[in-house]
Amino acid sequence: MIYYSISLVKRERTKKMDFSTPAKHMPSNPKKPLTLKEALSSVADFRIDRRKKYPLYEILMITVCAIIDGAKGPTDFWRFGRSKIRFLRKFLPLVNGIPSHDTFRRVLGKLDTKRFNAAVVRWIQSVADISGDFVSIDGKLLRRALTKDGKMPCIVSAYSNNRKLVIGQIKADEKSNEITAIPDLLDLLYIKGAIVSIDAAGCQKKIVRKIIRQDGGYVISLKGNQTKMHDEIQMFMQDATFKRKFKKARTVDKGHGRIETRTCWQTDDIDWFEDKAKWAGLKSVCMVTSEVYDMKKKTTSRETRYFISSMPVDPARALQAIRAHWGVEAMHWILDMDFDEDRSRARTENIAENLAMLRHIVLNVLRLGKSIFGGISVKRKELVWDDDKLLKLMIAA
C-alpha cells in the first residue's frame, strides 16, 4: 500500500511538469557526455506498460542504423531489421525480435516531438561545446509531406558551423511561419558565448531580446520586413562621407569557375538610429558587398546586403559570421541530396517531424564519428559495406 502511494505521488508530479518548454527540465550544459543510447532511453514512452513488446530506445536505434544504411520509411526500417538482426543483437537485446512496419509507423507517428527533441538536444549539448561558435538558424520545407490543406511543413533548425552539427529543431506552426518558431527553438538551446545568424525573417525585436537574455550574440540580415530600418541603414552606409570612416575587411575565394570577392564595412556609429534602444544588444551595423566574376561567361554580378549585430566592430569576424550562415543551407542540401528528404511523403500525425529529427541524429552521428573519413555520402557507403565499422560507430555514439 505504501509503495502504491509513492508511485502515485511520482506519477502526479510527472503530470504537473510542463514539457512544452523542455529547456526548463534539462541542465543548462550537461558536463557528463551522454551516449546516443542513453539519450534515446530517456525519451518518455507514450505506450501503456503492459503493451510494450519492444522498448522505445530499440525502435529508435534500429531506425538510426537503418537510415544510415539508406532506409527511408517504416517499411524500410522493418526490412532492414529483419535482414540485419544478427548484427543489431551485438549492441541491442532485441528479446522480442524486430518490430513490424506498422509498429514503426505507429510509434514514430505518436511519439511526442517535444520530449524527443529535448532528449536529442541534451545529448548534443553534452558532447559539443558551442561557446564562441557561429550558430545558424533557418527553416526548411518538407515538400512532399503535404498536410490535409495542402501546406508543406516547415522544420526550423539550428546548426553549429564549427562542429557541423544540428543542435536543435522545431516545427513551425501550420497557421504561422518560422518567425514564431525561432523563439521556441531558442528556448531549447544553450547559446552562451555563441553568435547566432538568422536571415531577414528573424529580424524581430522579440528574437534579438531572447538571444541577448541567453548570453548569446547575433548578426541578422535586413530586408523588406523591416523596410524603414533597412532604408535608413542603407542610406547611411552608402554615404561616401561616412563610408570612409567605417572599418573594412575583404575576402577572395576562387572555385567552380568563379571568383567571389566579399567586402564588409562595419560601424558602431549608430546613435543617430532612433529605435536603437528597442533592439536589445544592438552595437553595430554592417554592409556586405559580394562581387562574383564568372570566368567562363566573363560577366560580373554584384549584390549588397545589410545586417544588424550585437558584435563590436571587427569586420573580419562579422564577415566570418555572415558567411557561416551558408552552413545551415549546405546542411539542408545534404538532407535532400543524400537522404532524399524532399521526396519523403510521410505525413500522418508526428511522423514527418520525427523522421526529420532522426535524419538530423544520423547526420550528427556521422559527423561525430572520427573513425571514417570523407563526406556524408562516402561515410554512408562505407558503413553499408562494412558492418564492423557500423557497429563501432553505434557503440561510440
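Not measured: the values here are computed from a predicted model.

### So, the overall build of the protein chain
If you tally the helices and strands in the protein chain, you get 16 helices and 9 strands. For a compact globule of 397 residues, the expected C-alpha radius of gyration is about 21 Å, and the protein chain comes in at 23 Å, within 12% of that figure. Considered along the principal axes of its C-alpha atoms, the protein chain spans approximately 80 × 55 × 45 Å. The burial tally for the protein chain puts 48% of its 397 residues in the buried class. Look at the contacts in the protein chain between residues 6 or more apart in sequence, and 63% of them connect residues 24 or more apart. Counting only carbon and sulfur atoms, one obtains 51% of the accessible surface of the protein chain, whose full area is about 20,500 Å².

### Observations concerning the confidence of the model for the protein chain
Detail in the predicted coordinates should be disregarded across regions flagged by low pLDDT. This prediction gives the protein chain a mean pLDDT of 89; 91% of its residues lie at or above 70. Below a pLDDT of 50 lies the segment residues 1-27, which in the model reaches 19 contacts outside its immediate sequence neighbourhood of four places, other chains included.

### A few points about the layout of surface pockets
Considered as a void within the structure, the largest pocket measures approximately 500 Å³ in volume. Taken together, 24 residues form the lining of the largest pocket, with Arg 305, Phe 307, Ile 322, His 325 and Glu 329 sitting closest to its centre. Those elements giving two or more residues to the lining of the largest pocket turn out to be strand 4 (195-198), strand 5 (217-222), strand 7 (258-267), strand 8 (284-294), strand 9 (299-309), helix 12 (315-324) and helix 13 (326-339). No other element matches strand 9, which puts 5 residues into the lining of the largest pocket. The residue makeup of the lining of the largest pocket, split by class, is 9 nonpolar, 5 polar and 10 charged.

### Things to note about the packing of helix 8 (residues 178-188) against helix 9 (residues 205-213)
The contact between helix 8 and helix 9 brings their axes to 10 Å, and the two run at 10 degrees. For the element pair helix 8 / helix 9, the angle class is roughly parallel. Between helix 8, through Ile 179, Ile 182, Pro 183, Leu 186 and Asp 187, and helix 9, the contact on the second element is made entirely by Lys 206, Ile 207, Lys 210 and Ile 211. For the contact of helix 8 with helix 9, the class distribution of residues is 6 nonpolar, no polar and 3 charged.

### Quick look at the side chain of Asp 69
Mapping Asp 69 onto the fold places it in the loop between helix 3 (56-68) and helix 4 (74-83). For the buried Asp 69, no salt bridge is present, and the opposite-charge side chain at shortest range is Lys 84, 4.2 Å distant. For Asp 69, the contacting residues outside a window of four places in its chain are Phe 80, Lys 84, Leu 383, Val 384 and Leu 390.

### Describing a nonpolar patch on the surface
A contiguous nonpolar surface patch, about 200 Å² in accessible area, is contributed by Leu 141, Leu 146 and Met 152. Relative to the elements of secondary structure, Leu 146 occurs in the loop between strand 1 (134-141) and strand 2 (154-160).

### A look at the environment of Lys 114
Note on placement: Lys 114 falls in helix 7 (residues 113-127). A residue is classified by how much of its surface remains accessible, and Lys 114, at 43% relative accessible area, is partly exposed. For the pair formed by Lys 114 and Gln 169, sequence separation is 55 residues and the distance between their alpha carbons is 9.7 Å.

### Things to note about the environment of Arg 250
For Arg 250, the location among the structural elements is in strand 6 (residues 247-255). Residues Arg 250 and Ala 352, spaced 102 residues apart in sequence, show a C-alpha to C-alpha distance of 42 Å. Setting aside residues up to four positions removed in sequence, Arg 250 forms contacts with Thr 261, Arg 262 and Thr 263. Reaching out from Arg 250, the side chain makes a polar contact with the side chain of Thr 263 at a distance of 3.1 Å.

### Details of the pairing of strand 8
Within strand 8, 9 of the 11 residues are buried, which leaves the element mostly enclosed by the surrounding structure. In the sheet, strand 7 pairs with strand 8 via 10 bridges, with the strands oriented antiparallel. Note that in strand 8 the partner of Arg 262 across the bridge is Ser 290. One ladder, built from 11 bridges, connects strand 8 with strand 9; its direction is antiparallel.

### Re a positive patch on the surface
The grouping of Arg 144, Arg 343, Arg 345 and Arg 347 at the surface amounts to a positive patch. The residue Arg 144 is located in the loop between strand 1 and strand 2 in this model.

### Here we look at the sheet that holds strand 7
Working definition: the strands of a sheet are paired by backbone hydrogen bonds and lie parallel or antiparallel to each other. With respect to topology, 9 strands assemble into an open sheet ordered 3-2-1-4-5-9-8-7-6, the strand pairing being mixed. Where the open sheet ends on each side, the last strands, each with one partner, are strand 3 (165-171) and strand 6. In this sheet, neighbouring strand axes are inclined to one another by 25 degrees on average, regardless of whether the strands run parallel or antiparallel. In the packing of helix 14 (residues 351-368) onto the sheet, the strands contacted are strand 2 and strand 3, and the crossing angle to strand 3 comes to about 175 degrees.

Reading the values: the criteria
- Residues numbered from 1 in each chain as written.
- Predicted model: local features only at pLDDT ≥ 70, side-chain atom pairs only at ≥ 80, totals over all residues.
- Heavy atoms only, no water.
- Helix = DSSP H or I, 4+ residues; strand = E, 2+ residues; numbered from the N terminus.
- Rg over C-alpha atoms; globule rule 2.2 N^0.38 Å.
- Buried < 20%, exposed > 50% of the residue type's maximum accessible area, 1.4 Å probe, protein only.
- Contact = heavy atoms within 4.5 Å.
- Areas by Shrake-Rupley, 256 points an atom, 1.4 Å probe, with all protein chains shown as cover.
- pLDDT = per-residue confidence, 0-100.
- 1 Å grid on protein atoms, 1.4 Å probe; cavity = no way out; pocket = protein on both sides within 12 Å on 5 of 7 lines; lining within 4 Å.
- Points joined across faces, edges and corners; volume = space filled by probe spheres on them.
- Nonpolar A, V, L, I, M, F, W, Y, C, P; charged D, E, K, R; others polar.
- Axes fitted to C-alpha atoms, helices over the stretch in contact; angles between N-to-C directions.
- Parallel < 35°, antiparallel > 145°, perpendicular 65-115°, else oblique.
- Lys, Arg positive; Asp, Glu negative; His and termini not counted.
- Salt bridge = Lys/Arg side-chain N within 4 Å of Asp/Glu carboxyl O.
- Patch = residues over 30% accessible without salt bridge, like charges linked within 9 Å, V, L, I, M, F, W, Y side chains within 5 Å.
- Polar contact = N/O pair within 3.5 Å; in protein donor to acceptor, adjacent residues only side chain to side chain.
- Pairing = 2+ DSSP bridges.
- Charge placed at Lys NZ, Arg CZ, Asp CG, Glu CD.

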